[in-house]
Amino acid sequence: MFDPTEIGYDPVTSDADAIHEECGVFGIWAPNRDVARLTYFGLRALQHRGQESAGIAVGDGNTVLVRKDLGLCGQIFSDADLQAMPGKVAIGHVRYGTSGARSWEAAQPHLSTINDVIIALAHNGTLVNSDQLRAELVRLGIPFRSNTDSEVAAKLIGYFTEQTHHLREGIRHTMEMVEGGYAMALVRENALYAFRDPHGIRPLVLGRLDDDGWVVASETCALDIIGAKFVREVVPGEIIRISDDGLISEVGVQRRIPANCIFEDVYFSRPDSYVMGRSIYSMRYAMGCQLAREAPVDADLVIGVPDSGLPPAEGFAAELGLPFGEGLIKNRYVARTFIQPTQEMREMGVRMKLNALPDNVAGKRIVMVDDSIVRGTTSKQIVRMLKDAGATEVHVRINCPEVKWPCFYGIDTDVQKQLISARKSVEEVREYIEADSLAFLSLDGLLQCVPMNGYCCACYNGKYPVEIPASFSAGKFLDGYSPTNLSHASRAARMTIDEVLHESEEEKD
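Rules behind the numbers
- Residues numbered from 1 in each chain as written.
- Predicted model: local features only at pLDDT ≥ 70, side-chain atom pairs only at ≥ 80, totals over all residues.
- Heavy atoms only, no water.
- Helix = DSSP H or I, 4+ residues; strand = E, 2+ residues; numbered from the N terminus.
- Rg over C-alpha atoms; globule rule 2.2 N^0.38 Å.
- Buried < 20%, exposed > 50% of the residue type's maximum accessible area, 1.4 Å probe, protein only.
- Contact = heavy atoms within 4.5 Å.
- Pairing = 2+ DSSP bridges.
- Axes fitted to C-alpha atoms, helices over the stretch in contact; angles between N-to-C directions.
- Salt bridge = Lys/Arg side-chain N within 4 Å of Asp/Glu carboxyl O.
- 1 Å grid on protein atoms, 1.4 Å probe; cavity = no way out; pocket = protein on both sides within 12 Å on 5 of 7 lines; lining within 4 Å.
- Points joined across faces, edges and corners; volume = space filled by probe spheres on them.
- Phe/Tyr/Trp six-rings, centres within 6.5 Å; stacked < 30°, edge-to-face > 60°.
- Core = buried A, V, L, I, M, F, W, Y, C linked by side-chain atoms within 4.5 Å.
- pLDDT = per-residue confidence, 0-100.
- Polar contact = N/O pair within 3.5 Å; in protein donor to acceptor, adjacent residues only side chain to side chain.
- Parallel < 35°, antiparallel > 145°, perpendicular 65-115°, else oblique.
- Left-handed = near helix turned anticlockwise from the far one by under 90°.
- Nonpolar A, V, L, I, M, F, W, Y, C, P; charged D, E, K, R; others polar.

(A) Representation of the overall build of the protein. Counting secondary structure elements, the protein contains 19 helices and 25 strands. For the protein, the C-alpha radius of gyration of 23 Å lies close to 23 Å, the compact-globule estimate for 509 residues. Along the longest, intermediate and shortest principal axes, the C-alpha atoms of the protein span 75 × 50 × 45 Å. Expressed as a percentage of its 509 residues, the buried residues of the protein come to 60%. Relative to all contacts within the protein whose residues are 6 or more apart in sequence, the contacts with residues 24 or more apart total 71%.

(B) The arrangement of the sheet that holds strand E1 (residues 23-29) in detail. Strand order in this open sheet of 7 strands is E3-E2-E4-E1-E10-E9-E11, and the pairing throughout is antiparallel. The open sheet has two free edges, formed respectively by strand E3 (64-70) and strand E11 (229-233), since each of these has just one partner strand. Adjacent strand axes in the sheet meet at a mean angle of 15°, parallel and antiparallel pairs treated alike. Sheet analysis places strand E2 (residues 53-59) next to strand E4 (residues 89-95), joined by 7 bridges and oriented antiparallel. What sits directly across from glycine 59, in E4, is valine 89.

(C) The arrangement of the pattern of salt bridges in detail. Summed over the entire model, instances satisfying the criterion amount to 32 salt bridges. Two residues, glutamate 264 and arginine 49, come together in a salt bridge whose shortest N-O distance is 2.7 Å. A residue pair is termed long-range when its members are at least 10 positions apart, and glutamate 264 in helix H8 (residues 262-268) and arginine 49 in the loop between helix H1 (35-45) and E2 qualify at 215 residues. Given the relative accessible area of 5%, glutamate 264 is considered buried. The buried category is assigned to arginine 49, whose relative accessible area is 3%. Here the salt bridges share partners, and the residues they tie into one network are Arg49, Arg202, Glu219 and Glu264.

(D) Spatial organisation of the environment of alanine 292. Residue placement: alanine 292 occurs in helix H9 (residues 280-294). Separated by 34 residues in the primary sequence, alanine 292 and glutamate 326 place their C-alpha atoms 18 Å from one another.

(E) Examining empty space enclosed by the protein more closely. The full count for this structure, using the stated rule, is 2 cavities of 30 Å³ or more. The calculated volume of the largest cavity comes to roughly 170 Å³. Secondary-structure elements contributing two or more residues to the lining of the largest cavity are strand E14 (260-261), H8 and strand E15 (274-275). Reported here for the second largest cavity is a volume of approximately 80 Å³. As for the second largest cavity, its lining consists of Ile201, Arg202, Cys261, Ile262, Phe263, Cys407, Tyr409, Ile411, Cys456, Ala458 and Cys459. For the lining of the second largest cavity, the secondary structure elements donating two or more residues are H8 and helix H17 (458-461).

(F) Quick peek at the packing of aromatic side chains. In this structure the tally under the stated criterion is 15 aromatic pairs. Each ring, one from tyrosine 40 and one from phenylalanine 77, has its centre 6.1 Å from the other, and the planes form 80°; the classification is edge-to-face. One end of the pair, tyrosine 40, is in helix H1; the other, phenylalanine 77, is in the loop between helix H2 (73-76) and helix H3 (79-83), and 37 residues separate them in sequence. What makes tyrosine 40 buried here is its relative accessible area of 12%. Taken together, a centroid distance of 6.3 Å and an interplanar angle of 65° make the contact between tyrosine 159 and phenylalanine 160 edge-to-face. In this structure tyrosine 159 comes out as buried when scored by relative accessible area, which is 11%.

(G) View of the nonpolar core. By size, the foremost hydrophobic cluster in this structure holds 77 residues, and its most contacted members are Phe263, Met368, Leu386, Val396, Tyr409 and Tyr460. The element contributing the most residues to this core is H9, with 6 residues. When near neighbours in sequence (up to four residues on either side) are disregarded, valine 396 contacts Met368, Val383, Ile433, Ala435, Ser437, Leu438 and Ala439. Membership of the second largest hydrophobic core comes to 32 residues, among which are Ala153, Leu156, Ile171 and Tyr182.

(H) Quick peek at the confidence of the model for the protein. Scored by pLDDT, the protein has a mean of 90; 91% of the residues are at 70 or more. Between residues 1-16, whose pLDDT stays under 50, and residues either more than four places distant or in other chains, the model counts 39 contacts.

(I) Just the sheet that holds strand E5 (residues 110-114), in detail. Across the sheet, 6 strands lie side by side as E5-E6-E7-E8-E12-E13; this open sheet has antiparallel pairing. Whereas interior strands pair on both sides, the edge strands pair on one side only; in this sheet they are E5 and strand E13 (246-251). Each adjacent strand pair in this sheet contributes to an overall mean axis angle of 20°, direction not counted. Helix H5 (residues 149-164) contacts E5, strand E6 (117-127), strand E7 (180-188) and strand E8 (191-196) of the sheet and is inclined by roughly 135° relative to E6.

(J) Representation of helix H6 (residues 167-177). Along H6, 9 of the 11 residues are buried, which leaves the element largely enclosed by surrounding structure. Within H6 the residues assigned to the buried category are Leu167, Glu169, Gly170, Ile171, Arg172, His173, Thr174, Met175 and Met177.

(K) How the structure looks around unusual backbone geometry. In this structure, the amide linkage connecting glutamine 108 to the following residue, proline 109, adopts the cis form with an omega of 10°. With respect to the secondary-structure elements, proline 109 resides in the loop between E4 and E5. Phi is positive for histidine 165, close to 70°, though the residue is something other than glycine. Within the secondary structure, histidine 165 is located in the loop between H5 and H6.

(L) How the structure looks around the environment of proline 312. Among the secondary structure elements, proline 312 is positioned in helix H10 (residues 310-320). For proline 312, a relative accessible area of 0% translates into the label buried. Every residue in contact with proline 312, bar those within four places of it in the chain, is listed here: Arg284, Tyr285, Gly288, Val369 and Asn399.

(M) Region of interest: the side chain of glutamate 264. At 2.7 Å, the side chain of glutamate 264 forms a polar contact with the side chain of arginine 49. A distance of 2.8 Å separates a polar atom in the side chain of glutamate 264 from a polar atom in the side chain of serine 269.

(N) Region of the structure containing the packing of helix H4 (residues 130-139) against H5. Two numbers describe how H4 lies on H5: the axes approach to 10 Å, and their chain directions differ by 45°. Relative to H5, the element H4 is oriented oblique. Read as a crossing pair, H4 and H5 show a hand that is left-handed. Residue-level contacts link Ser130, Leu133, Arg134 and Leu137 of H4 to Asp149, Val152, Lys155, Leu156 and Tyr159 of H5. In terms of residue class, the contact of H4 with H5 is built from 5 nonpolar, 1 polar and 3 charged.

In structure tokens form, the structure reads like this:
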């Protein structure tokens, strides 16, 4: 029997088996607007990407002010806080930590100084060579207040900027050296910068706010809430600078193998966000249709696990001509908690967030569609909940392939032994979650439902677009699993900071 306590899983502290991404970022340049308040609204739209901490940094033309803390946006920022942060440019961040401890210091944006200039950085993703870079910066006398890779990026940008006397050069050299998936927004007193990893693993979009403002964000839904219009995606490897001089774009590093995170389309992004002209909702609906073609089942009712399981459940039902309805009610007022869990809370498990609807499921054969199975504990509790409510059969359908491989680019599944599908066959997983049948969408089927070529599917097939250093992945894989690195670390990433600077000076000469 698979025991989740063997991998350190707790149904309360692990937030009921959910997958989490590190964070969401937002940035705005709007000299005639209340940028702090608009950033707050943008973060509320991105709250689903991180509920551990949040922060806003505002540039007022002279300095940068930061307000950040642990908790949700609505718990951290008061009206008085926002009124006390006037300015023309701002960035914001919501965090779920995959790198670094839960602490005020780990909350973002990260502050750093470059001589007399203050900068603040918001980062979504994970840098796989941050330990190496941190060690070099410490050797150079650079102090750290947290153990996050985001602070490594901020300090590296600061160091290179001091040496080159140009912030964009500092950003460019940092992009040359860091490896991993990242989307970052940076603010100084009078300018906004945005840049994205050369593979495009982590998302970042650019929007226009009337005629006098620009916005960058992790998802288009954050543009919608403040009335901004989508312009385009930030190009992988691009650096954008927005200031009184307008918007300037330049190549930070050359684009590499396209590797957009497939889990954005499957799970992370809000259904009303758009990617390459298609809504996330429409993609998930198509996944449900494809899943029905691949793994049909005779049943009385199709339900989805709120929220990301609802569109594929609707598509599944439509494809087979089955009724679609509600079978699970979500408590939308349950947030992550830092309260020490009690035995009573552990026993409640997912019931704190979900409850079955007996009026709809009793006496029926149910198809339960969900976005993924990670550790299996949540699926097991939901199946049991539906049967306790009177369902005669529960058939589980998952609108993505089996999650078998760890992620090192910004999702908190970087230890393979916590993934039940890495340890068990589909039939063994079915037995564990006590479902009457279980099927996953094939990878080929999934890729037919998304709008582009060039995805990172490493969590499904073990093919990693960015080389994973052995020191970073040590102890993370189960015996018998051999990951495939699709590329090698860049030349600059294999150099020291001093070597990168020296080579840059030689090129100028």
